[in-house]
Amino acid sequence: SGSGITIRWDAVGGAASYRVYRRAAGEKGWKYIKNTTSTSFTDSNVKKGVTYRYTVRAVNRHMSSYNSGLVIKRS
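Scoring rules and cut-offs
Residues numbered from 1 in each chain as written. Predicted model: local features only at pLDDT ≥ 70, side-chain atom pairs only at ≥ 80, totals over all residues. Heavy atoms only, no water. Helix = DSSP H or I, 4+ residues; strand = E, 2+ residues; numbered from the N terminus. Buried < 20%, exposed > 50% of the residue type's maximum accessible area, 1.4 Å probe, protein only. Polar contact = N/O pair within 3.5 Å; in protein donor to acceptor, adjacent residues only side chain to side chain. Core = buried A, V, L, I, M, F, W, Y, C linked by side-chain atoms within 4.5 Å. Contact = heavy atoms within 4.5 Å. Phe/Tyr/Trp six-rings, centres within 6.5 Å; stacked < 30°, edge-to-face > 60°. Lys NZ or Arg CZ within 6 Å of the ring centre and 35° of its normal.

**Some thoughts on the side chain of R22**
(1) Moving on: The topology assignment puts R22 in strand 2 (residues 17-24).
(2) Moving on: Accessibility expressed as a relative area gives 8% for R22, which makes it buried.
(3) Moving on: In terms of polar contacts, R22 uses its side chain to reach the side chain of D43, at 2.5 Å.
(4) Moving on: A distance of 3.5 Å separates a polar atom in the side chain of R22 from the backbone oxygen of N45.

**Here we look at the nonpolar core**
Nonpolar side chains tend to gather and get buried jointly when the protein is soluble and globular.
(1) Moving on: Counting 12 residues, the largest nonpolar core consists of I5, I7, W9, Y18, V20, A24, F41, V46, Y52, Y54, V56 and A58.
(2) Moving on: For this core, the elements supplying multiple residues, two or more each, are strand 1 (5-8), strand 2 and strand 5 (51-59).
(3) Moving on: No other element matches the 4 residues that strand 5 contributes to this core.
(4) Moving on: Setting aside residues up to four positions removed in sequence, A24 forms contacts with V50, T51 and Y52.

**Brief notes about the packing of aromatic side chains**
(1) Moving on: In this structure the tally under the stated criterion is 3 aromatic pairs.
(2) Moving on: Their ring planes at 65° and their centres at 5.7 Å tell us that W9 and Y18 sit as a pair that is edge-to-face. The pair W9 / Y18 is uniform in exposure class, with both members buried.
(3) Moving on: Looking at R23, its charged tip hangs above the ring of W30, at a distance of 4.3 Å from the centre.

**Quick word on the environment of S3**
(1) Moving on: By the element assignment, S3 lies in the segment before strand 1.
(2) Moving on: S3 sits 42 residues away from N45 along the chain, and the two C-alpha atoms are 8.9 Å apart.

**Describing the environment of I5**
(1) Moving on: Note on placement: I5 falls in strand 1.
(2) Moving on: Here the alpha-carbon distance between I5 and T42, two residues 37 residues apart in the chain, equals 5.4 Å.

The quantities given are spatial measurements derived from coordinates; they are silent on function.
Here is the structure:
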């Protein structure tokens, strides 16, 4: 979107919230971005032309594991 990168995901039964993480191309490890109860998030702190990978972890008493994430390039 014009204001950044918007990601959406399916709700997970029993999840109290979701933690959004990202990493830019070439970075190691995930950077925590936000905790939300929504199933979408717009990341406005991204640079044009940079490729980012996002992953979302469901949170209840415990957190789900990391997955390989979704790759998005902001144009």
